[in-house]
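# Observations on the three-dimensional arrangement
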Amino acid sequence: PDRGVRQAAIAAVGTLGGRDRLPALLARTDPAKEADAAVRQQAWDVAMALLAKADPPAIREAIAVCDAREGADAQRLRLLQMLAEKLAAAKDAAYPQAERDLGRALVKANRPAEAETHLARAYEALAGAQAPDATDVWHEWVAALLGADDPRALIAIAGQPDDAAYAKAMAAFE
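Residues numbered from 1 in each chain as written. Predicted model: local features only at pLDDT ≥ 70, side-chain atom pairs only at ≥ 80, totals over all residues. Heavy atoms only, no water.

Further remarks concern the nonpolar core. One finds Leu25, Leu51, Ile59, Leu79, Trp138 and Trp141 to be the most contacted residues of the largest nonpolar core, which totals 45 residues. Considering each element in turn, this core owes the most residues, eight residues, to helix α3 (residues 37-52). Among residues more than four places away in sequence, those in contact with Leu79 are Trp44, Met48, Leu51, Ile59, Ala62, Ile63 and Cys66. Residues Ala122, Leu126, Ala131 and Ala134 belong to the second largest nonpolar core, which totals five residues. (Core = buried A, V, L, I, M, F, W, Y, C linked by side-chain atoms within 4.5 Å. Buried < 20%, exposed > 50% of the residue type's maximum accessible area, 1.4 Å probe, protein only. Helix = DSSP H or I, 4+ residues; strand = E, 2+ residues; numbered from the N terminus. Contact = heavy atoms within 4.5 Å.)

Below is the structure:
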């Protein structure tokens, strides 16, 4: 079908809604399946509008689509942010992991200053729950602070009560 037909179909899906149409919409955001940039952008905009009303499993499915696609990093970051916000609002137990995943993705995208906020939230939640992986997240948070040249890294390290975690963090300066 021509561009106008594809765009009309995307608009109709946006109007009618429906989680069952998300895979088809997300396929239209893939340059390998949709050559027209305007159609891809419209599909992405409609998918994001539908996902804004969707439950976390639907957002996770969309994240998996982005994970499997080359060049979908920006889309993946927006979806990870959306997931973290939804889980935080619902006070869902999966919230700290969502913040951690978002922080890790931002570090990978060379955005450590943004990542540290999400890793700090993940650490705070996990430490409060005395989760076994809280110290690992603390190290990721400190690494993001250091990557952002943020002097708060030193405060975080100095305040670490666990000797092994403190020693590991100090090793970054050697």
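Picking up where we left off.
A full pass over the atoms with the stated rule returns 12 salt bridges. Note that Arg100 is salt-bridged to Glu140, the shortest N-O span being 2.6 Å. Of the two residues, Arg100 sits in helix α6 (residues 95-108) while Glu140 sits in helix α8 (residues 134-147), which places them 40 residues apart along the sequence. Between Arg152 and Asp150 there is a salt bridge, and its shortest N-O distance comes to 2.7 Å. For Arg152, a relative accessible area of 39% translates into the label partly exposed. Given a relative accessible area of 17%, Asp150 falls into the buried group. It is possible to trace a salt-bridge network through shared partners that takes in Arg100, Arg104, Asp133 and Glu140. (Salt bridge = Lys/Arg side-chain N within 4 Å of Asp/Glu carboxyl O.)

Only 2.9 Å separates the side chain of Glu140 from the side chain of Arg104, close enough to count as a polar contact. Ignoring anything within four residues of it in the chain, the contact list for Glu140 reads Arg100, Arg104 and Leu119. (Polar contact = N/O pair within 3.5 Å; in protein donor to acceptor, adjacent residues only side chain to side chain.)

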